Structure formats: C-alpha cells, structure tokens
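# Observations on chain architecture
Read off the chains here:
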Amino acid sequence: MSTLLTINKLITQGRGLSRVLLARAATVSLDWDVRQKSRFDATDSQGRAIGVFLPRGAVVRGGDVLVAEDGSLIAVQAAPQPVLVVTTCKEHGSSFDLVRAAYHLGNRHVPLELKPDHLKLEPDHVLADMLRQMHLTVTEAQASFEPESGAYAPGATAGGHDHGHAHDDHGHDHGHAHAPSIHAAPKTIPIQGAAVPHVHGPGCKHDH
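Here's what I pulled together on the structure shown here. (Residues numbered from 1 in each chain as written. Predicted model: local features only at pLDDT ≥ 70, side-chain atom pairs only at ≥ 80, totals over all residues. Heavy atoms only, no water.)

Assigned secondary structure in the protein consists of 5 helices and 10 strands. Burial statistics for the protein: of 208 residues in total, 38% are counted as buried. Long-range pairs, those at least 24 residues apart, make up 68% of the contacts in the protein between residues at least 6 apart in sequence. Counting every atom, the protein has about 11800 Å² of accessible surface; 52% of that belongs to carbon and sulfur. (Helix = DSSP H or I, 4+ residues; strand = E, 2+ residues; numbered from the N terminus. Buried < 20%, exposed > 50% of the residue type's maximum accessible area, 1.4 Å probe, protein only. Contact = heavy atoms within 4.5 Å. Areas by Shrake-Rupley, 256 points an atom, 1.4 Å probe, with all protein chains shown as cover.)

Structural data, given as structure tokens:
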C-alpha cells in the first residue's frame with residue numbers, strides 16, 4: 001500500500017526555482033474542477049498518491065509547483081477539458097462583441113477565461129444559446145481552462161460553482177431582459193447542427 005504524500009505548500013508559477021529543478025520535478029495534470037479546490041487527492045507522474053491541503057480559498061493554476069512535506073516538487077499542468085470557445089463573427093463582428101459578452105457572463109458569475117481574441121467557459125447550453133443570439137461564434141473544444149481569479153478570491157462562493165442553477169433567476173436588473181430572449185424564442189438554437197441565420201440586415205448571410 002503506497003504512502004500518501006502530503007502537500008501543504010504551493011509556489012506560484014514556480015517562482016525562484018531553477019529550470020533544472022523544474023525539469024526534474026514530477027508533474028500532475030488537473031482540470032479546473034480540481035484546481036479550484038484547496039483540498040484534493042491526485043496521482044502524480046511518478047505514480048505517487050498525493051494529498052493536497054492548502055489554505056482555504058487557495059486556487060491552483062497551471063504552472064504552479066506543489067511542495068510536499070519531504071521536499072518533493074510537483075509541477076501542476078492544467079489538464080485539457082471540455083470548454084466553449086467564444087469568438088467574434090468573422091463577417092460582422094468586432095472586438096467589442098467579446099467585451100459585451102464578458103459583461104453579460106460576468107453578471108451571471110460565470111467562470112470565464114479572457115483572451116484578446118476569444119473567451120472560454122465551461123459547457124452550458126443555455127449560455128451558448130445566449131451568446132449565439134448575440135451573434136457570436138461558439139464552438140466546443142478540449143483545452144486547458146484558467147478563468148479569471150477575481151470571482152474566486154477568498155470570500156467568494158466556495159466549492160464547485162454549480163452551473164446548473166437557473167441563469168434567468170438572479171434577480172439583477174440591468175435593463176436588458178436575457179431570459180425572455182432565450183426561453184421565449186420562437187425556435188431552438190442547437191449547440192451543434194444546422195446553421196442558424198442571424199438578422200443583421202437585408203441579404204445577410206451570417207451563420208454559425
């Protein structure tokens with residue numbers, strides 16, 4: 001029976017460690033669901049069982065280095081996982097569309113990774129429909145996920161952030177009714193499948 005390797009220290013992005021030490025370190029590949037927790041079990045690249053016990057509210061990022069009680073170093077890799085990649089429409093879009101999308105997703109407290117040319121979020125068909133109705137392109141992918149840390153600072157809701165909650169029932173009022181546009185739409189917009197035309201104007205051929 002293998003002994004559990006206890007870890008209670010983290011070096012952010014391996015700062016201060018030499019390249020030689022990092023090259024020799026074991027690795028552990030973890031998805032966001034695990035990395036957002038301060039306590040979890042895993043198995044590293046050397047087959048060792050590790051038990052991570054970090055301060056409450058701690059978040060582990062790809063590139064961080066875990067330090068075991070015996071001094072062992074374990075480099076963290078952000079494991080590829082299912083995500084939605086949101087980009088602007090190539091024919092009609094602009095960078096402002098991503099800003100607008102990030103604003104609406106932020107109102108829903110959605111974990112969101114921000115990039116100059118795209119957004120990434122965890123799969124959610126309701127949000128995917130909303131984004132498509134905003135004339136954005138939404139595609140499914142397997143990729144690492146590193147959402148912004150602001151919503152996960154100490155004091156934020158702890159745990160797994162259940163995205164199955166009703167997105168139209170937050171009670172916030174910003175003068176834009178999202179839920180009716182999604183749930184009362186005359187037709188269903190699928191996540192995958194046939195192209196859905198958008199109304200941009202006469203003769204518009206934009207589709208996703």
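Taken in spatial order, the 6 strands line up as β2-β6-β5-β1-β4-β3 in an open sheet, and their pairing is mixed. In this open sheet, the two edge strands, each paired with only one partner strand, are β2 (26-30) and β3 (39-43). This sheet shows a mean twist of 35° between the axes of neighbouring strands, independent of strand direction. The sheet contact formed by strand β1 (residues 5-11) and strand β4 (residues 49-53) spans 3 bridges and is parallel. Among the inter-strand pairings, threonine 6 is bridged to a residue of β4, identified as glycine 51. (Pairing = 2+ DSSP bridges. Axes fitted to C-alpha atoms, helices over the stretch in contact; angles between N-to-C directions.)

Secondary-structure assignment places histidine 118 in the loop between β8 (113-114) and β9 (119-121). Once you skip the residues sitting within four places of it in the chain, histidine 118 turns out to touch Val85, Val86, Thr87, Leu98 and Glu113.

This part covers helix α4 (residues 125-133). Spacing of three or four residues puts side chains on the same side of an α-helix, whose turn is 3.6 residues. Within α4, 7 of the 9 residues are buried, which leaves the element mostly enclosed by the surrounding structure. Turning to α4, its buried residues number three or more, namely Val126, Leu127, Ala128, Asp129, Met130, Leu131 and Arg132. Regarding α4, its N-cap is aspartate 124, as a side-chain oxygen of that residue lies 3.0 Å from the backbone nitrogen of valine 126 further along. The positive-phi residue at the C-terminal boundary of α4 is histidine 135, with phi of around 70°. (Polar contact = N/O pair within 3.5 Å; in protein donor to acceptor, adjacent residues only side chain to side chain.)

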